[in-house]
Amino acid sequence: MEFKPMTAELDFAIQAVQRAASLIRQVRDEMVSGPMTKEDLSPVTVGDLASQALVSNMLAQTFPSDNLVAEEDSQGLQKPEGKEALERVTGYVRRFVPGAGERDVCEWIDLGQSYGGERFWVLDPIDGTKGYLRGGQYAVALALIVDGEVQVGVLGCPGLVEGFRPDVRGSGSIVLAARGQGTWTTPLNDPGKYQQLRVSSVSRTEDARLLRSLEDSHTDPTAIQELADSLNIQAEPVRMDSQAKYAVLAGGGGEAMLRMLSPSRPDYREKIWDQAAGSIVIEEAGGCVTDLFGNALDFRQGRTLAQNRGILATNNVLHDRFLVALKKIVA
Ligand code: AMP
Ligand code: MG
């Protein structure tokens, strides 16, 4: 099918995610196998901060009056012990923004400290840092929120092909959605040809494939097992880092994605950069995203989904049955 990104916002988001994904891939290729002397010189630190600086700079050029809510700040870089990290971060940013200085880089990073507003962008510069380090799934996630509703979401997923098939040796995918325009994918290295993504039509809970965090500490494996048993789900849950899970669900590679609350962090509130882009990618592919109690995600609460608890995303057909089963499991 033909798909042409129609808005300046989509054009910007696709380009920003593609460049950020390319930057963090360079950081990983060059730094991961090398010796790491200090925690703050890890490839995650350098990649996260450089990716955020780059996207923030592009946003300031393209939509100067839009706010940015992003995960990182420059505090660590501004301390004497952050000097070496700041040099590295600036070196990577300069590959994409010639002439960028250390002070510019810190300023761009800190533009991400806003609390939102009527119209703002949300960025996770590297979602799934553990996957990024272990050669698994990770993503760059960028979304536009207007009046509390996600309007655009773009995921750069280096470990997916065709937008939803895990293949960490493949050339990667961009997965994008715009409100009312569907969910589409195009190759990360060479954007241009778009394929539409649709959720699966599986309607028996027995056949459902569950997607969950790879990290046990980000979820509740016991509760997921209880839920799977109560719905008579046959397949083992697929464990995957990052919002790549949301793209897999959007493309029909699974039927449900759960973020259960970890028993060690019952007060945890989802960060909006972990949910904004992924949620519209699923909705525009025909899926449904709520919290574990069936409430709509409320993106008007600042940097977290303070009014929500956990996440349930499904292919829509199965949503109500999952919510009913969850009632007996989550208090
Ligand atoms: P995933 O790769 O699905 O495990 O999600 C990664 C995201 O989980 C990270 O970007 C963190 O912001 C977020 N996270 C960190 N701690 C927790 C927690 N206790 N519960 C849920 N999510 C968390
Ligand atoms: Mg994240």
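A.B. asks: With reference to specific residues and values, describe the coordination of the magnesium ion (ligand 2).
C.D. replies: Around a metal, the idealised angle for a tetrahedral arrangement of four donor atoms is 109.5 degrees; for an octahedral arrangement of six donor atoms it is 90 or 180 degrees. Bound to the magnesium ion (ligand 2) on the protein side are Asp-124 (OD), Asp-127 (OD) and Asp-274 (OD), at distances that span 2.0 to 2.4 Å. Written as a sequence motif, the donor residues of the magnesium ion (ligand 2) are D-x2-D-x146-D. Of this pair, Asp-127 sits in strand S2 (residues 119-127) while Asp-274 sits in the loop between strand S12 (256-259) and helix H9 (276-283), and the two are 147 residues apart along the sequence. Each member of the pair, Asp-127 as well as Asp-274, carries the same accessibility label: buried.

A.B. asks: Talk me through the environment of Met-58; I want residue IDs and the actual numbers.
C.D. replies: Among the structural elements, Met-58 can be located in helix H2 (residues 43-62). Judged by relative accessible area, Met-58 falls into the buried class, the value being 8%. Counting along the chain gives 43 residues from Met-58 to Gln-15, while the straight-line C-alpha distance between them is 9.1 Å. Residues in contact with Met-58, not counting those within four places in the same chain, are Phe-12, Gln-15, Ala-16 and Arg-19.

A.B. asks: Kindly report on the pairing of S12, identifying the contributing residues and their values.
C.D. replies: Where burial is concerned, the two faces of S12 agree: the one with Ala-256 and Leu-258 and the one with Met-257 and Arg-259 are both buried. Direction of pairing for S12 relative to strand S14 (residues 311-314): antiparallel, over a ladder of four bridges. Bridge pairing in S14 places Leu-258 opposite Leu-312.

Rules behind the numbers
- Residues numbered from 1 in each chain as written.
- Chains lettered and ligands numbered in written order.
- Predicted model: local features only at pLDDT ≥ 70, side-chain atom pairs only at ≥ 80, totals over all residues.
- Heavy atoms only, no water.
- Donors = N, O, S within 2.8 Å, 3.2 Å for Na, K, Ca; no water.
- Helix = DSSP H or I, 4+ residues; strand = E, 2+ residues; numbered from the N terminus.
- Buried < 20%, exposed > 50% of the residue type's maximum accessible area, 1.4 Å probe, protein only.
- Contact = heavy atoms within 4.5 Å.
- Pairing = 2+ DSSP bridges.

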